[in-house]
Number of protein chains: 2
Amino acid sequence: MSTDSKARRPDTRATMRDVAALAGVGIKTVSRVINDEPNVSPATIAKVRDAAERLDYHPDLNAGNLRRTGRRTRTIGLVVGSVANPFSGAVHRGVEDTAVERGVAVFASSLDDDAAREQRIVGEMLRRRVDALILTTVRKNQSRLVAEQERGTALVFVDREPAGIDADVVVTNNAEAAAEATAHLIQVGHRRLAYLGDRRELWTAQERRRGFLDQLGAVGIPTSGVPVIEDLHTEDAAYAAVLELLDGPHPPTGLFTSQNLVTIGALRALRDRGLHRRIALVGFDDVPLGDMLEPGVTVVAQNPYDMGRVAARRAFARMDGDTGEPVRVVVPSVLIPRGSGEIPPEPA
Amino acid sequence: MSTDSKARRPDTRATMRDVAALAGVGIKTVSRVINDEPNVSPATIAKVRDAAERLDYHPDLNAGNLRRTGRRTRTIGLVVGSVANPFSGAVHRGVEDTAVERGVAVFASSLDDDAAREQRIVGEMLRRRVDALILTTVRKNQSRLVAEQERGTALVFVDREPAGIDADVVVTNNAEAAAEATAHLIQVGHRRLAYLGDRRELWTAQERRRGFLDQLGAVGIPTSGVPVIEDLHTEDAAYAAVLELLDGPHPPTGLFTSQNLVTIGALRALRDRGLHRRIALVGFDDVPLGDMLEPGVTVVAQNPYDMGRVAARRAFARMDGDTGEPVRVVVPSVLIPRGSGEIPPEPA
DNA sequence: ATGAAAGCGCTAACAC
DNA sequence: GTGTTAGCGCTTTCAT
């Protein structure tokens, strides 16, 4: 691994001017050919294409966009929790599939739900003049972006709803689906439930908690004694919290876990105590191979791929000139019973 | 959702010239302040920063890069199988973590192992003048990229080794790890094994198959009668192939699956036949929650996050002027026994 | 310490 | 059909 400090590339990259010279035409004619503009004779087109080929010419999109009408970079930015998380990966894929059809490239970046990182990364993308930004934000208040939106950058929030800004939003039915999960546990016979949730500051966590508690209230279960454990942001934190709950004086008979890492941590804890067939669990957000565990993991599964597709479509609609009122799209989650959520409470 | 066809943004974006005018200085002075160059008086710095703040000025990186020495865009491209695949996600995260430290943005794109798509996507990235390209390619021959490499674009191949080009490569020890997995099954007592592999054209699939067969040969098991089923590219294809094998006249007592989707398909097939506790399985590449299935899934686990980090570091070393010989880094896979690979063959 | 002029690679506007 | 000129927003070079 020899290191040569000042190795500079020869930068022997052909420019449009080079192609024009070789083809014996003006630079604007080359531009016309490269961009498939009309009013160039077939013979000239052939000459230019041949010259471009021989010089291995590749147009510089960044240079072209500098002057081009509308100033689009044909580039969008996607900001998610972590590109290594399956939920984010599916959103990403949905966005990408929509973008690639249009020749638009996607910058992707992870936040780890870190507000400082959010600011840095959004700044980097803005400096690169992305046409649109699709965001799963940490901070609730996104008023900093209002000015950018007014300058023409399409903004779509996905998964989490922001405040302080009017923009398109694509979310799942968090509260309703959480209530449905809770109702499912209640219907199986559970009365002693516990809630295990993500960071309180996250909008999704608040919504899911609300759905859980509202449903308890709706069927007349007093919520005062119900363990509501929050700010669980990792598998390990969830694992520890569930162990503490199980080892406590009044362990619940059923668990509602509000996020996939929390679900996994809880599953591990149940297994370590040998209780995974005796204590019920319903998780929010699907878990990889959740159907192959024993018992299978009952979840309300989101549809992250569709959320990504819808978000990207909203972004492109805005870029195409849609100036209508901000749209709020709800991509519903569905309850998938697989076993863990159908375990009845133990007779007391 | 009202659509207004020709809504054009007012493009009221402040430029460096605007900031210069408001601050009452020359444009070059603004440039110095924005880029933290020396030789500006503190008072001038303050004036400029204040003006930039008031205009909500954000420099245009693409415009700046046009003239800047070295012509770096501070942008790299990552091309993987699918951003929705956990292996690719981990590679991506490794690349991103390395890039973000340097203020470099990452374009990520999925290939679905489609050669036509590979060409399109690489072209899009080149047009955007990425400083480096980190690739998990479909095609073995990558000589098309030699010219681009000579023009100064750093090229790093990750996971799969290319032909027709001299470039840095980051791979796992495919053949050795496959042999290790096979040896593991043999040691448990298996003699009737089967190989289930990905598309033959993929370098990794070839290597893993070679490791499997070589190991059988090394211990004197004749490979002629061993089922070698290839070109399994989806979970469903693997599922069907394994069912066929199990329902055949001489079902194997142990399976080696050469890729994570294949492993999952095989697991489903075994379960559907109620054989998951009776037929052994070792998979290549880890499977999400593989430790929580019953039995746990024995795998040779790759280290995709490290592969991403190492690949990105190689790319940055090249961008920093390393002109040494191409480097080949092997990030080893490790065998993780969890149960499925330790099932002994049934007594005959 | 500061700025004027030239130019990066391309497209827009307008000639011919 | 085709070319010329100007200029996108910035950095470079070189003067002051």
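Residues numbered from 1 in each chain as written. Chains lettered and ligands numbered in written order. Predicted model: local features only at pLDDT ≥ 70, side-chain atom pairs only at ≥ 80, totals over all residues. Heavy atoms only, no water.

Now for the interface of chain B and chain A. In this complex, chain B contributes 79 residues to the contact, which on the side of chain A involves 79 residues. In terms of surface lost to chain A, no three residues of chain B exceed Arg129(B), Arg151(B) and Met292(B), which account for 11% of the buried area on that side. Among the ionic pairs, Arg268(B) bridges to Asp291(A), the shortest N-O distance being 2.5 Å. On the surface where chain B and chain A come into contact, there are 38 residue pairs in polar contact (both at pLDDT 80 or more). Listing elements by their share of the side of chain B that touches chain A, those giving two or more residues are α4 (61-67), α5 (86-100), β2 (105-110), α6 (115-127), α7 (146-150), α11 (260-272) and α12 (304-319) of chain B. Grouping the amino acids of the side of chain B that touches chain A by side-chain chemistry returns 27 nonpolar, 21 polar and 31 charged. (Contact = heavy atoms within 4.5 Å. Buried area = accessible area lost by both parts, 1.4 Å probe. Salt bridge = Lys/Arg side-chain N within 4 Å of Asp/Glu carboxyl O. Polar contact = N/O pair within 3.5 Å; in protein donor to acceptor, adjacent residues only side chain to side chain. Helix = DSSP H or I, 4+ residues; strand = E, 2+ residues; numbered from the N terminus. Nonpolar A, V, L, I, M, F, W, Y, C, P; charged D, E, K, R; others polar.)

Moving on to helix α11 (residues 260-272) of chain A. Given 3.6 residues to a turn, an α-helix orients residues that are three or four positions apart in the same direction. Residue and element names in this part refer to chain A. End to end, α11 covers 18 Å across 13 residues, agreeing with the expected 18 Å (1.5 Å per residue, within 8%). Within α11, 10 of the 13 residues are buried, leaving the element largely enclosed by the surrounding structure. Those residues of α11 that fall on the buried side of the exposure criterion are Asn260, Val262, Thr263, Ile264, Gly265, Ala266, Leu267, Ala269, Leu270 and Arg271. Those residues of α11 hidden inside the fold are in contact with α5 (86-100), β6 (193-196), α10 (235-247), β8 (254-257) and β9 (280-284). Near the N-terminus of α11, the side chain that reaches the backbone nitrogen of Leu261, with its oxygen 2.6 Å away, is that of Gln259. (Expected span 1.5 Å × (residues − 1). Buried < 20%, exposed > 50% of the residue type's maximum accessible area, 1.4 Å probe, protein only.)

Let's shift gears to the nonpolar core. Counting 52 residues, the largest nonpolar core has Leu255(A) and Leu255(B) as the members making the most contacts within it. If you list the elements that add at least two residues to this core, you get β6, α10, α11 and β10 (298-301) of chain A together with β6 (193-196), α10 (235-247), α11 and β10 (298-301) of chain B. Among all residues touching Leu255(A), those that are not within four sequence positions of it are Leu185(A), Ala194(A), Leu196(A), Val242(A), Leu245(A), Leu270(A), Ile279(A), Ala280(A), Leu281(A) and Val282(A). Formed by 42 residues, the second largest nonpolar core is a distinct cluster that contains Leu145(A), Val169(A), Val100(B) and Phe107(B). (Core = buried A, V, L, I, M, F, W, Y, C linked by side-chain atoms within 4.5 Å.)

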